[in-house]
Amino acid sequence: MCGIVGILGKGPVAGDLIEALKRLEYRGYDSAGVATLENGRIVRVRASGKLKNLEEKLATEKLSGAAGIGHTRWATHGKPTESNAHPHASDKVVVVHNGIIENFRELREELQGRGHRFASETDSEVVAHLVSDGLKAGATPQDAVAATLKRLKGAFALAFLFEGENDLLIGARRGSPLAVGWGEEGVYLGSDALALAPFANSIAYLDEGDWVVLRRESSEFHNADDAIVERRRQPLQAGSFLVEKGNFRHFMAKEIFEQPEVIGRTLAHYLDLAEGVVRLPFDFSFDPARLSRVTISACGTAFYAGLVARYWLERFARLSVDIDIASEFRYRDPPLPDDGLMIVVSQSGETADTLAALRYAKQHNQHTLAIVNVDTSTIARESDIVARTLAGPEIGVASTKAFTCQLAVFACLALALGRARGVLTREQERELVAELIATPGQMAEELNREAQIEPVARDVARATSSLYLGRGPSFPLAMEGALKLKELSYIHAEGYAAGELKHGPIALIDYAMPVIVLAPPDASLEKTVSNLQEVAARGGHLILIGPPSARTAAAAELAGYVEVAENVSGPFAALVYAAPVQLLAYHVAVFMGKDVDQPRNLAKSVTVE
Ligand code: F6R
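The following paragraphs examine the structure supplied in this document. (Residues numbered from 1 in each chain as written. Predicted model: local features only at pLDDT ≥ 70, side-chain atom pairs only at ≥ 80, totals over all residues. Heavy atoms only, no water.)

Read from one edge to the other, the open sheet built from 8 strands follows the order 3-2-4-1-10-9-11-15, with strand pairing classed as antiparallel. Strands at the two margins of the open sheet, each flanked by one partner only, are strand 3 (41–48) and strand 15 (234–235). As paired strands, strand 2 (residues 31–38) and strand 4 (residues 67–73) are joined by 6 bridges and run antiparallel to one another. For G33, the partnering residue across the bridge sits in strand 4 and is H71. (Pairing = 2+ DSSP bridges. Helix = DSSP H or I, 4+ residues; strand = E, 2+ residues; numbered from the N terminus.)

Let us look at the packing of aromatic side chains. Counted according to the given criterion, the structure contains 10 aromatic pairs. For the ring pair W312 and F572, a centre distance of 5.3 Å and an interplane angle of 70° mean the geometry is edge-to-face. Separated by 260 residues along the polypeptide, W312 in helix 9 (residues 300–317) and F572 in the loop between strand 27 (560–563) and helix 19 (573–591) bring together distant segments of the chain. The exposure class of W312 is buried, given its relative accessible area of 1%. Here F572 falls in the buried class, since its relative accessible area comes to 2%. Taken together, the ring pairs in this structure connect Y270, F282, F284 and F286 into an aromatic cluster. In this structure, R600 is placed above the aromatic ring of Y490, and the distance from its NZ or CZ to the ring centre is 3.9 Å. (Phe/Tyr/Trp six-rings, centres within 6.5 Å; stacked < 30°, edge-to-face > 60°. Buried < 20%, exposed > 50% of the residue type's maximum accessible area, 1.4 Å probe, protein only. Lys NZ or Arg CZ within 6 Å of the ring centre and 35° of its normal.)

Quick look at helix 13 (residues 401–420) now. End to end, helix 13 covers 28 Å across 20 residues, agreeing with the expected 28 Å (1.5 Å per residue, within 8%). Of all 20 residues that make up helix 13, 18 are buried, and the element is covered over most of its length. Taken from the residues just after helix 13, G422 is the one with a positive phi, measuring 75°. (Expected span 1.5 Å × (residues − 1).)

So, about the packing of helix 9 against helix 13. The description of two helices packed together rests on the angle between their axes and the distance between the axes. Running from N to C, helix 9 and helix 13 cross one another at 20°; their axes reach a closest spacing of 9 Å. With respect to their mutual orientation, helix 9 and helix 13 come out roughly parallel. Helix 9 and helix 13 meet at a crossing whose hand is right-handed. Across from T301, A302, Y304, A305, G306, V308, A309, W312, L313, F316 and A317 in helix 9, the residues of helix 13 making contact are F403, Q406, L407, F410, A411, A414, L415, L417 and G418. (Axes fitted to C-alpha atoms, helices over the stretch in contact; angles between N-to-C directions. Parallel < 35°, antiparallel > 145°, perpendicular 65-115°, else oblique. Left-handed = near helix turned anticlockwise from the far one by under 90°. Contact = heavy atoms within 4.5 Å.)

Here it is as C-alpha cells:
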C-alpha cells in the first residue's frame, strides 16, 4: 500500500506534492513526508498521522525546490512515527517506497556490517543505503539504482532523488503500480493516474520489473534486464478523475448516494436497454457452452460480491462455482479444470492477493476475466477479459458503490452466460433484465428513506457486538453489512447464514447485542422469519431490514425497523438492500464521531500480502 509521488517541475513543487498525496491518501494515512532538492541539497519534512499534519509543518518549514518526492504511509514495518515516515535518506540519495522488501533484514545486517547506520525501523531504508553504497563506489545514479533493484526481494514501487541532481528522478516498479505523467509544468511519477490527473495530460505505466530515468526533457524506460524499452503513452483526461465531496459531509455518503447513477451507467454498458437484453461490450475468449467450472477469487467486499454472484451463476447459467478469498486461494494449490473460467474481482485492480490468484489461474490454463473499477490497473492488464465497473473513483476507504457495481456486472454476466449456454430462453432473459433495470430506481427510493435509519443507528451505536443474518444472496450481504459496521464504527459484527444461528451463535443472544436481520420477500422469507423468532424467543435485540409483509410475518417485538419497499424482491434484491445496509453502518459511525472516510488502520489499495 502507501502512495508515492515524484515531480520534476519548473518552480517549487511542495504544493503539488501535497495535492497529489491528498489523492493518494486512500492508500494509507499513518504518516506522510516529502523531500525536495533545495539548492541541490536533500531536505525532508515528515510528520506522523494524517497528511494535514504534514501540511501544517510545511506552512512553517517551507520548501522551494523544483524537484521532489512524497509519500503517504500505511505502516508495515515499524510504528507510524515521524522517524519511520518516508522519504528515507542516506548520504546523497532519498527514496520513497510502496510495498515490502522481504529480504530487508539480511540487507540491513550486511549494510550495518559495512558501517551504515539506520535511522528507522522500516524495511524501506535499506534501499537508500544500498544506492548510496553504489554511489560511493563511483556508480552513476542510474547504475546504482539498477544494481540495487537486483538485490531486492519483494514488492515495490520506488522513487529516487539524488543530491546535486536537479534534473533527475528515477522510478522503479516490481509488484506495486507506478505511472509516469507528462504535463505543462513538469514530469511526474505516481502510484496511480488519480494522483497525476491534475497535472499530467499524458501517462504511461511501468510494466512489471521496469525502471525509468526521468529528466524534464527526456524519459528512458528500462525493463527488468536493464534494456531500453518503449512504454505506451496515452492521454489522461483530468475530467474523469474529479474527486470532490460536493454537498456531502463525507466521500462515503456521496458514493452511497451516487449508486443509482453509477449502477445505471454500469448496466447500460452491459445491456441493450432498448431491446431489454444483455449485450456485453466484449466477446468471450472461450466457448461458454464448454465451460466446466467458474472459480471466483477476491478480497473483502469484492469477495462478498463474488459470493452473491455464485447464486446467480449457479441459477441462471447452471455453472458450478468455486469461490475463495484470494489470500487463501493459491495456497490451497487447488486443481483447476480444463475449460475453467477464473473471475477475479477488485475495485483497485491492484490487490496483491487477488493479483496472485489471477496469476495462479493463468499458470493453470484458466480463461480469465477481471471485474475491476480501475481499467488501467495491473489486474485489468493481466486478464484475458476486462469487465469494467463504471463506478468512477471511489475515495471512501470502505467500499460502497464499487460493490454494487460489481454486483451489476456479475448479474449481466450470469445472464449472458445463461443465454449462451442455452439455460435461459430469450423470454426469461428479458424478464430478468427488466428486473435488473429496475434496481437503480429502487435504490434511489431506498436512499430517500435515509431518515428512518438514524434512530436505528443511534441504537446500534450503543452496542459492542452485533450479528447480521440473511439467507440466499442476503447471506453474503449480511457479511458485507457486518464488515461495513466493524470497519467504520469498530463495533464487533459478524454476518451469518440465518440457518446457522442455532448451530452456535445463538448462544450469544442477549438484549445487549443487536441482531440485524435482512429479510427481502423471497422464497426463503418464511425461514428467515422463523430464525428471527428464535432470536425473539431468547429476548434478543432485533432489528429488521425488510418489507412491511416481513414485519407482519415476524409478529415479534422489534428494537428497530428499516422499511424496504415490498417490490424490492426477486434475485437481484441484494443489490438494492445494500443501500440500507451501507447507510446503517455509515450513520452508526457518524453518530459515534468516527473517521468515516479513513477508518483507523485501513488502506484502500492493499498491495501487500
Ligand atoms: C471494505 C473494503 C475492502 C476491499 C478489499 C479488496 O469496505 O473496501 O474489503 O473490498 O480490500 O479491495 P479491491 O476491491 O481493491 O481488490
